[in-house]
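# Geometric and topological summary
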Amino acid sequence: MHELSLAEGIVSVVEDAALHQCRLSLPVAAPARVLAFGAWLKNTAGLLDGAQFIGSALHGDLDTPEACAALDASVETLVAAASGPVDAVAHDLHPDFYSTRLAQAWAERLGVPAIAVQHHHAHLAVVQAEQGWPASARHATPAASRSNHPPMLGLALDGVGLGTDGTAWGGELLLVRGSDFERLGHLPALALPGGDVAAREPWRMAAAVLQLLGRHDEIETRFAPLVRPQAARIVATLLARGLNCPVTTSAGRWFDAAAGVLGLSVRQSEEAEAAQALERAATAWLVDHPDFDAPYDSLDLRPLFTELLALDPLDPTQQGEGAARFHLALAHGLAATTIRIAATHGIQDVVLGGGCFFNRLLSERLTHELQTAGLKVQRPHAVNCGDAGLALGQAWVGALCIG
């Protein structure tokens, strides 16, 4: 067992070796007992029961029968471990996930509500749970709510999550009030030429940037030497006609676009491979250029990418400079926007959630800027900041919705 000191209270963490579960003791009891089913990627489930949260083992991505069967088994175990009747189940907003369908089946079986929780809201709600923030917005007096649990501003940056508008989100600035949230800002929408395959081929995201910048005619010339000329021509056609090009505000896809523009990744076999290559290049280059900076004050990344496209993708030194420029400009833009909105709403706390914050360079630079501006930066401590920790946030939102 170990304890993590947070801004408000203590979260106790117990690793149950027999069940491969993580048991957290939260600062306050949740207003309802909720079973959460996690996300599609890096799936875990969890049970919020009073001031206790029991997290399952990591099941992996729910694209294999084995992962789905593991989730089935974990849910059975969690229901059996509950100290009383489950009041609700919580699941991702996406209707087609196996975890969503399973949650709905369990809701019918238990005779309880099934609560859909937006993916990025859940990322930020992890910190709400860890800090008991608030235990019950509906039961707190307005004065108590203002003094103890003001609205929470959060940046949720990751690969993808279905938004309330039906599009793919992933670079979000959200204002969270109890069980509700408001979307106050986001990264620019970028096309995914070919749909999901674009997440595996960063050159496609770089092509989407050229299209966004009005430089469509450069797509074939730039990428035909790297991929089959026919593939470059097809992607250019998809973008020109808007065919099979859903849009996303995903920070992860913007990282892919930068890696593709700079020639650091054409295709990736593992998730975040391109982003990791981009971070390595930036970190190495900054060792020799510690005073380098890339001032930026906006979430509009188009001017930044105009600069990156001017660099030589075959020159390792320019690749490193571009990678550093991307990280620092992104951190500056996120910080400047967050600081402005925090001042407008009189907020002092900013939460960072989502898998992009595994990126040490971005996380450290952004945190430093926010703290320098007098903001208190919060992030998950007891569970993973990525999708593996999402069930805790889902369960907390679900509890606040019915508590």
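That block above? That's the structure.
In what follows, the accompanying structure is described.

Below, the discussion takes up the overall build of the protein chain. Counting its regular elements, the protein chain contains 13 helices and 15 strands. Taken over C-alpha atoms, the radius of gyration comes to 22 Å for the protein chain, in line with the 22 Å a tight globule of 403 residues would show. For the protein chain, the spread of C-alpha atoms along the three principal axes comes to 65 × 50 × 35 Å. Put simply, the protein chain has 403 residues, and 55% of those count as buried. Expressed as a percentage of contacts within the protein chain between residues at least 6 apart in sequence, the contacts between residues at least 24 apart total 70%. Surface accessibility of the protein chain: about 16,400 Å² in total, with carbon and sulfur atoms responsible for 53%. Positive and negative charge centroids in the protein chain, built from 26 and 43 side chains respectively, lie 4 Å apart.

In this section: the side chain of E279. As for its placement among the helices and strands, E279 is situated in helix α9 (residues 273-288). Buried charged residue E279 carries no salt bridge. Nearest counter-charge: R360, at 6.8 Å. With residues near it in sequence (within four places) discarded, E279 still touches H327, N359, R360 and L361.

With that settled, consider helix α12 (residues 360-372). When the terminal C-alpha atoms of α12 are compared, their 18 Å separation across 13 residues agrees well with the 18 Å that a helix rising 1.5 Å per residue should span. Among the residues of α12, L361, L362, S363, L366, T367 and L370 are the ones counted as buried. On its buried face, α12 sits against β9 (152-162), α8 (251-261), α9, α11 (316-345), β14 (349-353) and β15 (376-378). One side-chain oxygen of the residue at the start of α12 lies 3.1 Å from the amide nitrogen of L361, identifying that residue as N359.

Below, the discussion takes up the packing of aromatic side chains. In this structure the tally under the stated criterion is seven aromatic pairs. Consider the rings of W285 and F292, whose centres lie 4.9 Å apart with planes at 90°: the pair is edge-to-face. The rings of W254, F255, F305 and F326 are connected pair by pair, giving a single aromatic cluster. Above the ring of W106, the side-chain terminus of R109 is found at 3.9 Å from the ring centroid. Geometry around W169 places R183 over its ring, the cationic atom sitting 3.9 Å from the centre.

Conventions used here
Residues numbered from 1 in each chain as written. Predicted model: local features only at pLDDT ≥ 70, side-chain atom pairs only at ≥ 80, totals over all residues. Heavy atoms only, no water. Helix = DSSP H or I, 4+ residues; strand = E, 2+ residues; numbered from the N terminus. Rg over C-alpha atoms; globule rule 2.2 N^0.38 Å. Buried < 20%, exposed > 50% of the residue type's maximum accessible area, 1.4 Å probe, protein only. Contact = heavy atoms within 4.5 Å. Areas by Shrake-Rupley, 256 points an atom, 1.4 Å probe, with all protein chains shown as cover. Lys, Arg positive; Asp, Glu negative; His and termini not counted. Charge placed at Lys NZ, Arg CZ, Asp CG, Glu CD. Salt bridge = Lys/Arg side-chain N within 4 Å of Asp/Glu carboxyl O. Expected span 1.5 Å × (residues − 1). Polar contact = N/O pair within 3.5 Å; in protein donor to acceptor, adjacent residues only side chain to side chain. Phe/Tyr/Trp six-rings, centres within 6.5 Å; stacked < 30°, edge-to-face > 60°. Lys NZ or Arg CZ within 6 Å of the ring centre and 35° of its normal.

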